[in-house]
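Commentary on secondary and tertiary structure
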Amino acid sequence: MATTAEYGLGEHMFPRGWFMVGTSEDATTVPKAVRFFGEDMVLYRGESGRVFLVEAYCPHMGTHLANNSTSYVITDKEHVEGDNIRCPYHGWRFGPDGQCNDIPYSPAPPPKKACLKNWQVEEKAGCIWMWHDEEGGEPEYDLPNFEMYDQPHWVNWEIDVLGELDCHPQEVVDNMVDKGHLGPVHGSMDMVLFENVFDDHCIRQILTAGHKTLAGSGGEPMTNDTWYTGPGILQSVMIGEFPSHMLIAHTPVDDGRITVWHALMVKVANQTPTEEDVAMARGYQQASLAAFSQDFEIWANKRPCLNPMMVKGDGPFDKLRIWYRQFFNPRARAGEFQKRANGKYVSRGTINDPWDQVA
Ligand code: FES
Ligand SMILES: [Fe+2]
């Protein structure tokens, strides 16, 4: 693996944006240790149902707030009270704002600096998301809506947890413009169109191609519309007999290391999906996961690529890497990188390549 500095991405080690930090099932009243952006954190659900993400170590004497099973704070079920979390060591209790609001044995009010760092989280579409910003600013764009989740005709996704990957997220994001791998890795054939649109914090890929195994009956090419909202959330819509909506989320754990999730929702004819619909949707999700695993295996074993060796017919890796830098630099500079990347790029070498036709 290589680091953000080695890729020359910018001033910040970690990107700014909305990122997945777990599934809804990960957040319970039993606090869970997690690690993202080089920090140990604790994820828990308060008794109100709200989800919180706080730093893992108690400001009093550094105890880990989640990793304990034997203290009476845990066994007497005082770990989470209301929306507060209590430290297993001396029982200091911290509120939803991170501020210590109870020291069971001290007559003095808790000191102001007894405060846990905490992050803005949202729960949506069965996932927990956090806003990460090394400058500490408010979100500069909205978390996607995932509007078909819980809607009639849609089978909700079940999240596949792919786990940690020893790979800088740059290599994963590169995939958006990587026209050349689609045939060898995924079995795409007879590519009709490969187009990328960079639009401020978003990048889109439109792919129309046949497929060795997936393409619709009759060999009709299918169109995939795939986009990133910010640096860590990819969605893809595949139009076919059963329209589907895919999620791939990746979040830095440490510099050059990420956690990855995958999921797929499928649209069915019945307003309320039947058991058969659900089984079919799970089959689709398996096939989608298998396709994603083809990328995952490459990433898990490759050496870092600090500078792609580009040839005619490759997608716009150079633009992609400029686009990605907006998230690693102060937000005041984001516009600079957006201006350099924004626009539409149609890659060469498709079966009706407009340039080859002109030539
Ligand atoms: S270390 Fe947490 S209360 Fe003392
Ligand atoms: Fe891929």
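Residues numbered from 1 in each chain as written. Chains lettered and ligands numbered in written order. Predicted model: local features only at pLDDT ≥ 70, side-chain atom pairs only at ≥ 80, totals over all residues. Heavy atoms only, no water.

Named according to an unreviewed UniProt entry, the chain is Aromatic ring-hydroxylating dioxygenase subunit alpha originating from Parasphingorhabdus halotolerans.

Here the focus is the coordination of the iron ion (ligand 2). Protein-derived coordination of the iron ion (ligand 2) comes from His181 (NE2), His186 (NE2), Asp295 (OD) and Asp295 (OD), at a distance range of 2.1 to 2.4 Å. One can describe the donor arrangement at the iron ion (ligand 2) as irregular, given that its four donor atoms subtend angles of 58 to 150° at the metal. Spacing between the donor residues of the iron ion (ligand 2) along the chain follows H-x4-H-x108-D. With His186 in helix α4 (residues 182–186) and Asp295 in helix α5 (residues 275–301), this residue pair connects regions lying 109 residues apart in the sequence. A residue is classified by how much of its surface remains accessible, and His186, at 13% relative accessible area, is buried. (Donors = N, O, S within 2.8 Å, 3.2 Å for Na, K, Ca; no water. Tetrahedral: all angles 85-135°; square planar, octahedral: opposite > 155°, others 65-115°. Helix = DSSP H or I, 4+ residues; strand = E, 2+ residues; numbered from the N terminus. Buried < 20%, exposed > 50% of the residue type's maximum accessible area, 1.4 Å probe, protein only.)

A few words now on the layout of surface pockets. The computed volume of the second largest pocket comes to approximately 290 Å³. Lining the second largest pocket are 13 residues, and of these Glu171, Asp178, Ile298, Trp299 and Lys302 sit closest to its centre. The element contributing the most residues to the lining of the second largest pocket is α5, with three residues. Considering only residue class, the lining of the second largest pocket consists of six nonpolar, two polar and five charged. (1 Å grid on protein atoms, 1.4 Å probe; cavity = no way out; pocket = protein on both sides within 12 Å on 5 of 7 lines; lining within 4 Å. Points joined across faces, edges and corners; volume = space filled by probe spheres on them. Nonpolar A, V, L, I, M, F, W, Y, C, P; charged D, E, K, R; others polar.)

A few words on the packing of aromatic side chains. On inspection of all chains with the given rule, the structure shows 16 aromatic pairs. Relative to Tyr284, the ring of Phe242 lies with its centre 5.9 Å away and its plane at 85°, an arrangement referred to as edge-to-face. Taken together, the residues span a long stretch of sequence, with Phe242 in the loop between β17 (233–238) and β18 (244–254) and Tyr284 in helix α5 at a distance of 42 residues. Its relative accessible area of 27% is what places Tyr284 among the partly exposed residues. Measuring from ring centre to ring centre gives 5.1 Å for Trp323 and Phe327, while their planes differ by 75°; the resulting arrangement is edge-to-face. Each member of the pair Trp323 and Phe327 is classed as buried. An aromatic cluster is present here, built from Trp129, Phe146, Tyr149 and Trp157 joined pairwise through their rings. (Phe/Tyr/Trp six-rings, centres within 6.5 Å; stacked < 30°, edge-to-face > 60°.)

Leaving glycine out, the prevailing phi sign among residues is negative, and the prevailing peptide bond configuration is trans. We note that Lys77 has phi near 60°; this positive angle belongs to a residue other than glycine. Relative to the assigned elements, Lys77 resides in the loop between α2 (72–75) and β5 (80–81). On the accessibility criterion, Lys77 (71% relative accessible area) is exposed. Although it is not a glycine, His153 sits at a positive phi angle of roughly 75°. Its place among the elements puts His153 in the loop between β11 (127–132) and β12 (154–155).

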